[in-house]
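Structural description and commentary
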Amino acid sequence: LPIKADELVLLKKLGAGQGGTVSKVLHLPTQKSMARKIIPIDAKEVIQSQIIRELRIMHECDSPYIIGFYGAFIHESDVVICMEYVDCGSLDYIFKLTGPFPEFMLKHTAHSVLSGLIYLYDNHRIIHRDVKPSNVLLDSKGNMKLCDFGVSRELINSMADTFVGTSTYMSPERIQGGVYSVKGDVWSLGVMLYELASGQYAYGRDANQVAPDSILDLLQRIVNESPPALNPKDGFSPELCDFVSLCLKKEKQRWAPHDLIKHPFLQGFIGEDGFKVSSEYRGAIKKWAKNVRRVQKGKAMKG
Ligand code: ADP
Ligand code: MG
């Protein structure tokens, strides 16, 4: 059943990014909590209808690594997207509470993001285009899901007019205007893992906080400098260091998602059936996610 604007009651604001604002809302007819994203769009009616049509592909996305979709509609001059509300929030927000992630959570992040990218590309020929910590969500059962991927070409085009598409997670080849492939998303995953592991920004804070005159400098550094690297001397496993370095190679030498998911860093993480996370890791992940939720509710971190 299509969702209508006046059936949604605001519960709380979740955040605002370059492209829109996200709130937790209650859908009155179903009494379901949802995340509502509002994107102001300065586009003609035909374009708006085209965006809504294209967003319908999200109804067909069915994967534990992809955010659930309830529907999208136009309200006044906004595109409104209703998606699954994910209770622990995004990795950037979680990171601010927990600090650097333990390696099993880095494995979980790498595995979930790769599985999501593989699902989107193999089943729908979708390239994410905006992999970053705020677009990876964790629920208190430990599931990690991708959101805000590039399903609608018209939406991408319409947003390009209003916002600066620069991000500290952008690959060198994209900055240089080359063709954009799934490997660009792998670069972004590498930058993200580097930051979540080390607790340091790879290329400084996110681009919307960078002063406009230093953006060019930032982009030049991504293209010209050697990529950030993790060092086993700092207590990281050699497998993690190697995995991140393979994500951050120049496009030609960079590994593709299907190869990375078989990398030694993820060996033993995926169970016998080749799909589900093996049981010893599953327990630790659940416990960690539950703890995050406790901290968010103002209780102390356990164990
Ligand atoms: P950005 O991703 O650039 O931070 P967004 O507008 O996409 O900007 O999202 C704003 C914030 O809303 C995110 O940082 C995230 O913490 C939160 N958020 C987005 N989608 C959801 C969701 N489905 N469930 C819970 N929180 C969400
Ligand atoms: Mg987002």
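What counts and what doesn't
Residues numbered from 1 in each chain as written. Chains lettered and ligands numbered in written order. Predicted model: local features only at pLDDT ≥ 70, side-chain atom pairs only at ≥ 80, totals over all residues. UniProt positions renumbered as here; feature names shortened; annotations may be inferred. Helix = DSSP H or I, 4+ residues; strand = E, 2+ residues; numbered from the N terminus. Rg over C-alpha atoms; globule rule 2.2 N^0.38 Å. Buried ≥ 20, exposed ≤ 12 C-beta atoms within 10 Å, placed from the backbone. Contact = placed C-beta atoms within 7 Å. Near = placed C-beta within 6 Å. Nonpolar A, V, L, I, M, F, W, Y, C, P; charged D, E, K, R; others polar. Pairing = 2+ DSSP bridges. Axes fitted to C-alpha atoms, helices over the stretch in contact; angles between N-to-C directions. Core = buried A, V, L, I, M, F, W, Y, C linked by C-beta atoms within 7 Å. Parallel < 35°, antiparallel > 145°, perpendicular 65-115°, else oblique.

As annotated in an unreviewed UniProt entry, the chain is mitogen-activated protein kinase kinase from Ambrosiozyma monospora. Quoted straight from UniProt, the Sequence similarities (unreviewed entry) entry for the chain says "Belongs to the protein kinase superfamily. STE Ser/Thr protein kinase family. MAP kinase kinase subfamily."

Description of the overall build of the chain
Looking only at helices and strands, the chain features 11 helices and 7 strands. Taking 2.2 N^0.38 as the reference for a compact globule, 303 residues should give roughly 19 Å; the C-alpha atoms of the chain span a radius of gyration of 19 Å, in line with that estimate. When its C-alpha atoms are laid out on the principal axes, the chain stretches across 55 × 45 × 35 Å. Counting every position in the chain, which comprises 303 residues, the buried fraction comes to 37%. Sequence-distant contacts in the chain: of pairs separated by 6 or more residues, those separated by 24 or more amount to 64%.

Regarding the site of ligand 1
Around ligand 1, the surrounding shell holds 22 residues, and the nearest of these are G15, G17, A35, S90 and S134. Contributing elements (two or more residues each) for the shell around ligand 1: β1 (8–16) and β5 (78–84). Among the elements that line the shell around ligand 1, the one with the most residues is β1, at 3 residues. Its residues assigned to classes, the shell around ligand 1 comprises 11 nonpolar, 9 polar and 2 charged.

Looking at the sheet that holds β1
Strand order across the open sheet formed by 5 strands is β1-β2-β3-β5-β4, with antiparallel pairing between neighbours. Looking at the sheet topology across the chains shown, the edges are occupied by β1 and β4 (69–75). Neighbour-to-neighbour, the strand axes of this sheet turn through a mean angle of 25 degrees, independent of strand direction. As paired elements, β4 and β5 share 6 bridges and run antiparallel to each other. Of the residues in β5, the one forming a bridge with G71 is C82.

Some details on unusual backbone geometry
Across the chain, the bulk of peptide bonds are trans and the bulk of non-glycine residues have phi less than zero. Phi is positive for E76, which is not a glycine, with a value near 50 degrees. Note that E76 resides in the loop between β4 and β5. The backbone of D148 sits at a positive phi, close to 60 degrees, despite the residue not being glycine. Along the chain, the position of D148 falls in the loop between β7 (144–146) and α5 (153–162). Accessibility expressed as a C-beta count within 10 Å gives 23 for D148, which makes it buried.

With respect to the nonpolar core
Counting residues in hydrophobic clusters, the biggest one holds 75 residues, and the most contacted among them are M83 and L193. At 9 residues, helix α7 (residues 182–198) tops the list of elements feeding residues into this core. Setting aside chain neighbours within four positions, we find M83 in contact with M34, A35, K37, I67, G68, F69, Y70 and C147.

Concerning the UniProt feature "binding site: ATP" (unreviewed entry) in the chain
UniProt tags K37 as "binding site: ATP" (unreviewed entry). With respect to the secondary-structure elements, K37 resides in strand β3 (residues 32–40). Apart from residues lying up to four places away in sequence, K37 is in contact with G20, V22, I81 and M83.

Side note on the pairing of strand β2 (residues 21–27)
In this structure, β1 lies alongside β2, joined through 7 bridges in antiparallel fashion. Its bridge partner being in β2, L10 is matched across the sheet by V25. Connecting the antiparallel pair β1 and β2 is a turn made up of 4 residues. Sheet analysis places β2 next to β3, joined by 7 bridges and oriented antiparallel.

Focus: the packing of helix α4 (residues 103–124) against helix α11 (residues 279–296)
Between α4 and α11, the shortest axis-to-axis distance is 10 Å and the interhelical angle comes to 100 degrees. Considering their axes alone, α4 and α11 lie roughly perpendicular with respect to each other. Every residue of α11 that contacts α4 at F104, M105 and H108 is listed here: Y281, A284, I285 and W288. For the contact of α4 with α11, the per-class residue count stands at 6 nonpolar, 1 polar and no charged.

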